[in-house]
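# Descriptive structure summary
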Amino acid sequence: MAKKFDSPPGWAPPGAQFQSRGFGSATVLAILAGLILTPIGIAFAAKGGADIRYWVIIGAVTDRATATGEILGGSLLLMLVAVLAAFSPAGTITGALVWGIFPGLLHILFPDTTFRLISDLPFIDTSMQVALHSWVTYGFALISGMMLLGAALVGVLRAH
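Residues numbered from 1 in each chain as written. Predicted model: local features only at pLDDT ≥ 70, side-chain atom pairs only at ≥ 80, totals over all residues. Heavy atoms only, no water.

## A closer look at the pattern of salt bridges
Tallied over the entire structure, the rule returns two salt bridges. For the salt bridge of Lys47 with Asp51, the shortest nitrogen-to-oxygen distance reads 3.0 Å. A residue pair is termed a helical-turn pair when its members lie 3 or 4 positions apart in one helix, as Lys47 and Asp51 do in helix α1 (residues 24-58) at four residues. As far as burial versus exposure is concerned, Lys47 and Asp51 are alike and both buried. A salt bridge links Arg116 to Asp120; its shortest N-O distance comes to 3.8 Å. The exposure class assigned to Asp120 is exposed, which follows from its relative accessible area of 52%. (Salt bridge = Lys/Arg side-chain N within 4 Å of Asp/Glu carboxyl O. Helix = DSSP H or I, 4+ residues; strand = E, 2+ residues; numbered from the N terminus. Buried < 20%, exposed > 50% of the residue type's maximum accessible area, 1.4 Å probe, protein only.)

## Digging into the side chain of Ser88
Mapped onto the elements, Ser88 comes out in the loop between α2 (65-83) and α3 (89-109). The buried category is assigned to Ser88, whose relative accessible area is 7%. In contact with Ser88, not counting residues within four places along its chain, are Ala26, Thr27 and Ala30. (Contact = heavy atoms within 4.5 Å.)

## A look at a nonpolar patch on the surface
Residues Val28, Leu29, Leu32, Ile36, Ile40 and Phe44 make up a contiguous nonpolar surface patch of about 560 Å² in total accessible area. By the secondary structure assignment, Phe44 is in helix α1. (Patch = residues over 30% accessible without salt bridge, like charges linked within 9 Å, V, L, I, M, F, W, Y side chains within 5 Å. Areas by Shrake-Rupley, 256 points an atom, 1.4 Å probe, with all protein chains shown as cover.)

## Some remarks on the packing of α1 against helix α5 (residues 126-137)
As a packed pair, α1 and α5 sit with axes 8 Å apart at the nearest point and diverge in direction by 95°. Put simply, α1 runs roughly perpendicular to α5. Within the contact between the two elements, α1 uses Ile42, Ala43, Ala45, Ala46, Lys47, Ala50 and Arg53 and α5 uses Ser127, Met128, Val130, Ala131, Leu132, Ser134 and Trp135. The residue inventory of the contact of α1 with α5, partitioned by class, reads 10 nonpolar, two polar and two charged. (Axes fitted to C-alpha atoms, helices over the stretch in contact; angles between N-to-C directions. Parallel < 35°, antiparallel > 145°, perpendicular 65-115°, else oblique. Nonpolar A, V, L, I, M, F, W, Y, C, P; charged D, E, K, R; others polar.)

## Quick word on the side chain of Asp51
For Asp51, a relative accessible area of 18% translates into the label buried. Aside from chain neighbours lying at most four places away, what touches Asp51 is Ala67 and Glu70.

## Comments concerning the nonpolar core
Of all hydrophobic cores here, the largest spans 16 residues; its most connected members are Ile42, Ala46, Met128, Ala131, Leu132, Trp135 and Leu148. Those residues in contact with Ala46 that sit more than four places away from it in its chain are Ala131, Leu132 and Trp135. (Core = buried A, V, L, I, M, F, W, Y, C linked by side-chain atoms within 4.5 Å.)

## Regarding the environment of Ile31
Note on placement: Ile31 falls in helix α1. For the pair Ile31 and Ser88, spaced 57 residues apart in sequence, the C-alpha separation works out to 8.3 Å. The contact partners of Ile31, leaving out residues within four places of it in the chain, are Ala90, Gly91 and Thr94.

## A few points about α2
Across its 19 residues, α2 extends 27 Å between first and last C-alpha, which sits within 8% of the 27 Å expected from 1.5 Å per residue. Those residues of α2 that sit buried are Ala67, Glu70, Gly74, Leu77, Leu78 and Val81. Looking straight down α2, one finds its buried side chains confined to an arc of 95°; they lie on one side. In this structure, α2 carries Ala65, Leu72 and Leu76 as exposed residues pointing more than 90 degrees from its buried face. (Expected span 1.5 Å × (residues − 1). Arc of directions from axis to C-beta.)

Below, the structure is given as structure tokens:
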């Protein structure tokens, strides 16, 4: 049976531009990127912040180029995770929850165990442990996690 009506060339139903064509590999890659880039960005930013605090305490504020570079590098990586939400919000949501919101809430609910959990992380030296503990204690984990989650929600709303 032949079609009674053929669509004009180039015509698409309303809202077709908002449909996603696939879920698989792009989402998996985005989740992996969110899980890998977020902690690296946090580590750089936390270490740079701790180094700057140290330089300010001892009074040598002129010798802080490395710390500033660490903060900028970490910030750029976190921005990359936020931009990832435009392609697949799942990666940004995963990074926000695993490396920001859950550790921030864990510290609020169980502050006594936070330092122990951070000190049990593998391949982390003492200065990085102190930097990460400060990052969580001062609320930056929860703040950065919420901001990444906000970027991911914008990506979700933009896609629909």
